Amino acid sequence: MDFLRPGSWAEALEAKAALPDAVPIAGGTDVMVEINFDHRRPPALLDLNRVAELAEWSERDGRVRLGAGVPYARIIAELGDRLPGLAMASRTVGSPQIRNRGTVGGNLGAASPAGDSHPVLLATDADVEVASTRGVRMVPAVEFYRGVKRNALEPDELVAAVHLDVARGPQQFAKVGTRNAMVIAVCAFGLALHPDRGRVGTGIGSAAPTPRRATEAEEFLAAELADTGLWESRGPLAESVRRRFGELVARAASPIDDVRATAAYRRHALSVLARRTLGWVWDQYREGGWSACA
Amino acid sequence: MRVTFTVNGERREADDVWEGESLLYVLRERLGLPGSKNACEQGECGSCTVYLDGVPVCSCLVAAGQAQDREVRTVEGLAEGEDRLDPVQEAFVEAGAVQCGFCTPGLLVAAHDLIARTGQPSDAEIREALAGNLCRCTGYEKIMEAVRLAAARRAETRGGSPEVGP
Ligand SMILES: Cc1cc2nc3c(=O)[nH]c(=O)nc-3n(C[C@H](O)[C@H](O)[C@H](O)COP(=O)(O)OP(=O)(O)OC[C@H]3O[C@@H](n4cnc5c(N)ncnc54)[C@H](O)[C@@H]3O)c2cc1C
Ligand code: FES
Ligand code: FES
C-alpha cells in the first residue's frame, strides 16, 4: 500500500488522476474502520489533511462555500447561525471525537443513505463542488446520490466543497436512534423553509437506497402556504396540513427492514419527524425576522 | 514507511509502519506507549482517545501517516513528571471513578479537554463531552463526580468562582 501526502489541492488532484484507485482519507472515521476490519485494502491512501484549502470556509453573496475537510465540530462552532440545519445535523453525528475529525466531504464520499448531512444538503438545495485535473463542476445534491453508497464522483474526482445559501428561513433536522449519542440513524429528516422563494425543501435519510427529497410533500406544503396567504400572514398552521405533510413525507420513502428497524416503523417515524419539524420551523417562522417575498 | 511526530512533547520516530496502520497501533506497539487502549478499533468506545494538535480524537481512526509532523498528547503526557498526576487524574482516583481501568485513559483525555475548554461544566455538558467514551464497570456516576471535583478544584486554584459542586 502507498501513503500519498499531497501538500496542496493541485497535488491532490494530480495524485488522484494518476492513481484513481487511491482512496482519499480525510477524517478517517469511515475509511479507517474499513481498514481496521480488513474490509478494504486499497492500493493507496490519499491523505487530504495537508490540503489547507479543504479545511476553510468562506461566504460570498449570501452563499457559503464550505470546504470538504471542515470537521463537524467547526461547523457547529462557526456556522450555526448561517447554516442552522447543517449545524443541527452535525451535532447529532457520532461523538465529540468523531465530530472533531469527521467531515461533510467524507460523508459525501461514503454516500451512505444514513449520512446525517445529506437530508440537510437536499433540503437546502446545496451544490457539491467536484474537481479533477480536467476541471471543476457543480453537482446539485439531489443528483449526487446515485445508489446505496454510490455517488456521482468519477474515479479521478474529489469533492472540493459544498455550497449552501446562508439560511433565509428556518431549518430543522431530526433523527431517530436508540440513544442520544453515537447513533446511526434509524431514519432522519431535514426541513428548510425558503420564504424568499416560496419554496419548501426536504431531505429523507436512512429510509431509501439513497438520501432523497420528498418532492410531493414539498409541493403540497408550498402550495398550501401560498394559496392561504400564510407566508405573509404568518398565521397558525392547521393540524390537518401538518398531518398531510407527514403522510406525504412517509410516502416518499422506500425503507427496508433491517437490524435497526422495520420498514413500517421507519415510515411511521418519518411521518412523526416531518410533522414535528414542520411545527418547529413554522413556529420559528412566525416568531423570527425572516422576510417573505413569495 | 517512516512516521515522525511529536508525542508528549518529544520528537519520536516509528519505522516500518504499514501504510494502513492506525496512530493507536503506532503508539502502543511501536513507541511503547500502551496507555491509550484498543477496545473496538471503530470509534465507538473512546478508550483510544488522544489529543491530535490539541483536539481529542480516536487514535484508532487516524492513519499513522496522518500524524506526520503533528503533535500528539496521550494519557501518558497528562501528568507533570513521574509523580505528579494531573488534577483530573487525581480526581478520578479520589472519586473511585476507576474500576477495571480500561476506559480510564480515554476518559481522562476527554475530561481533561472539557475542563480546559469550559472551566466549570454543567452535568449536561459533562455527559455530552463524555458521550464518546464507554465504561462497562462504573455506571458513570463516579466518573461524573470525578469530573465535577476536578472542575471545582481547577476553578478554585484559578481564583475563579468559589462555588463547589454538591
Ligand atoms: C463511531 C462512529 C459514529 C459515527 N456516527 C455517524 C453519525 O451519527 N452520522 C453520520 O452521518 N456518520 C457517522 N459516522 C460516519 C462518519 O463519521 C461520517 O460519514 C463522516 O462524515 C466521514 O467523514 P471523514 O472525513 O471521517 O471521512 P473519511 O473516512 O476520511 O472518508 C469517507 C469516504 O469519503 C471519501 N472522501 C473523503 N473526503 C473526500 C473528498 N474530499 N473527495 C472525495 N472523496 C472523499 C473517502 O475516500 C471515503 O470513501 C460515524 C462513524 C463512526 C466511526
Ligand atoms: S479503540 Fe478507538 S474508539 Fe474504541
Ligand atoms: S472502569 Fe472498567 S470499563 Fe470503565
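For clarity, every value in this text was computed on a predicted model and none was experimentally measured. (Residues numbered from 1 in each chain as written. Chains lettered and ligands numbered in written order. Predicted model: local features only at pLDDT ≥ 70, side-chain atom pairs only at ≥ 80, totals over all residues. Heavy atoms only, no water.)

**Quick look at the layout of surface pockets**
Empty space within the second largest pocket amounts to approximately 280 Å³. For the second largest pocket, the lining is made up of 13 residues, of which Arg-179 of chain A together with Arg-127, Leu-130, Ala-131 and Tyr-140 of chain B are closest to its centre. Among the elements of the structure, α4 (123–129) and α5 (141–157) of chain B are those that each provide at least two residues to the lining of the second largest pocket. Per element, the largest residue contribution to the lining of the second largest pocket is 3 residues, and it comes from α4 of chain B. (1 Å grid on protein atoms, 1.4 Å probe; cavity = no way out; pocket = protein on both sides within 12 Å on 5 of 7 lines; lining within 4 Å. Points joined across faces, edges and corners; volume = space filled by probe spheres on them. Helix = DSSP H or I, 4+ residues; strand = E, 2+ residues; numbered from the N terminus.)

**Notes on the interface of chain A and chain B**
Taken together, the contacts link 29 residues of chain A with 35 residues of chain B. Summed over both sides, the interface of chain A with chain B buries roughly 2300 Å², with 55% coming from carbon and sulfur. Joining chain A to chain B, the criterion identifies 1 salt bridge. When the shortest N-O distance is used, the salt bridge between Glu-128 of chain B and Arg-99 of chain A registers 2.7 Å. Here chain A is connected to chain B by 13 residue pairs in polar contact (both at pLDDT 80 or more). Every element with two or more residues in the side of chain A that touches chain B is listed here: β1 (2–4), α2 (31–36), β3 (44–47) and α5 (96–101) of chain A. In terms of residue count, the dominant contributor to the side of chain A that touches chain B is α5 of chain A (6 residues). Here the side of chain A that touches chain B is built from residues that sort into 13 nonpolar, 8 polar and 8 charged. (Contact = heavy atoms within 4.5 Å. Buried area = accessible area lost by both parts, 1.4 Å probe. Salt bridge = Lys/Arg side-chain N within 4 Å of Asp/Glu carboxyl O. Polar contact = N/O pair within 3.5 Å; in protein donor to acceptor, adjacent residues only side chain to side chain. Nonpolar A, V, L, I, M, F, W, Y, C, P; charged D, E, K, R; others polar.)

**Remarks on the sheet that holds strand β2 (residues 23–25) of chain A**
Residues and elements named next belong to chain A. On the basis of which strands lie adjacent, the open sheet formed by 3 strands has the order β1-β3-β2 and parallel pairing. For this open sheet the edge positions go to β1 and β2, each flanked by a neighbour on one side alone. Mean inter-strand twist for the sheet, computed between neighbouring axes without regard to direction, equals 25 degrees. Across 3 bridges, the pairing between β2 and β3 is parallel. By the bridge assignment for β3, Val-23 is matched with Leu-45. (Pairing = 2+ DSSP bridges. Axes fitted to C-alpha atoms, helices over the stretch in contact; angles between N-to-C directions.)

**What about empty space enclosed by the protein?**
Following the criterion strictly, the structure yields 1 cavity of 30 Å³ or more and no others. By volume, the largest cavity amounts to about 60 Å³.

**Quick notes on the sheet that holds strand β7 (residues 135–140) of chain A**
All names here are of chain A. If you trace the 5 strands from one edge of the open sheet to the other, you get β4-β5-β10-β6-β7, paired in antiparallel fashion. Edge positions in the open sheet fall to β4 (57–60) and β7, since each of these has one partner strand only. In this sheet, neighbouring strand axes are inclined to one another by 25 degrees on average, regardless of whether the strands run parallel or antiparallel. Pairing of strand β6 (residues 127–132) with β7, which is carried by 6 bridges, proceeds in the antiparallel orientation. For Ser-132, the partnering residue across the bridge sits in β7 and is Gly-135. Relative to the sheet, helix α1 (residues 9–18) contacts β6 and β10 (158–165), its axis offset from that of β10 by approximately 125 degrees.

**Digging into the site of ligand 1**
Around ligand 1 sit 39 residues, and of these Pro-24, Thr-29, Asp-30, Tyr-72 and Thr-103 of chain A come closest. One finds residues of chains A and B in close proximity to ligand 1. At 2.5 Å, a side-chain N or O of Thr-29 of chain A approaches an oxygen atom of ligand 1. Residue Thr-103 of chain A places a side-chain N or O atom 2.6 Å away from an oxygen atom belonging to ligand 1. When ligand 1 sits alone it has 980 Å² of accessible area, and the protein chains cover 92% of it. For the shell around ligand 1, the secondary structure elements donating two or more residues are β2, α2, α5, α6 (104–110) and β10 of chain A. With 5 residues, α6 of chain A is the single largest residue contributor to the shell around ligand 1. In the shell around ligand 1, the residues fall into 19 nonpolar, 14 polar and 6 charged. (Near = heavy atom within 4 Å. Areas by Shrake-Rupley, 256 points an atom, 1.4 Å probe, with all protein chains shown as cover.)

**Looking at the pattern of salt bridges**
Residue and element names in this part refer to chain A. Applying the stated criterion to the full structure yields 36 salt bridges over all chains. As a salt-bridge pair, Asp-165 and Arg-168 come within 3.3 Å of each other at their nearest N and O atoms. Of the charged contacts, one joins Glu-239 and Arg-243 as a salt bridge, the two residues approaching to 3.8 Å between their closest N and O atoms. Within this pair, Glu-239 and its partner Arg-243 are both found in helix α11 (residues 239–252), separated by 4 residues, close to a single helical turn. We classify Glu-239 as partly exposed; its relative accessible area is 34%. For Arg-243, a relative accessible area of 42% corresponds to the partly exposed category. (Buried < 20%, exposed > 50% of the residue type's maximum accessible area, 1.4 Å probe, protein only.)

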